[in-house]
Amino acid sequence: MTLLAAIFGIAHVIEPKLGDCEKTVATVLVALIMGFACWFLYKLQGHLKKTRMLLNSMDPKPWFRGADIFGVLVGTVIVSGLVIGYYLWRHA
């Protein structure tokens, strides 16, 4: 989230405005950050599943405990990235 906010801040204050090549590079960077953040959250959820299974091997759905928080965090990363992408390409 901090990296996405930094890109948004830089794009907001840069003068002169970004050219198409710079916008493309920034968009790719935002997409990579979004992908890495989602992958990291997915791996974290998998680690929590393993820990839960060690604590209670009879847990019926260890991966899905906390899945609502996982979904909110992934959704926040995706929406933030899309807002920054929109801002990069639509802001005058």
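Structure: above.
A brief structural summary. As the structure is a prediction and not an experimental result, all values here were calculated from the model.

Looking at the overall build of the protein
When helices and strands are counted, the protein shows three helices and zero strands. Reading the protein from its N terminus to its C terminus gives the helix and strand order α-α-α. For 92 residues, the compact-globule estimate of 2.2 N^0.38 gives 12 Å, and the C-alpha radius of gyration of the protein, at 18 Å, exceeds that figure by more than 25%. Dimensions of the protein, computed from C-alpha atoms along their principal axes, come out at roughly 60 × 15 × 15 Å. Relative to its 92 residues, the protein shows a buried fraction of 25%. Split by element, the accessible area of the protein, about 6,600 Å² in all, is 74% carbon and sulfur. Each charge class in the protein was averaged separately, 9 positive and 5 negative side chains, and the resulting centres sit 13 Å apart.

Analysis parameters
- Residues numbered from 1 in each chain as written.
- Predicted model: local features only at pLDDT ≥ 70, side-chain atom pairs only at ≥ 80, totals over all residues.
- Heavy atoms only, no water.
- Helix = DSSP H or I, 4+ residues; strand = E, 2+ residues; numbered from the N terminus.
- Rg over C-alpha atoms; globule rule 2.2 N^0.38 Å.
- Buried < 20%, exposed > 50% of the residue type's maximum accessible area, 1.4 Å probe, protein only.
- Areas by Shrake-Rupley, 256 points an atom, 1.4 Å probe, with all protein chains shown as cover.
- Lys, Arg positive; Asp, Glu negative; His and termini not counted.
- Charge placed at Lys NZ, Arg CZ, Asp CG, Glu CD.

Everything listed is a geometric property; what it means functionally is a separate question.
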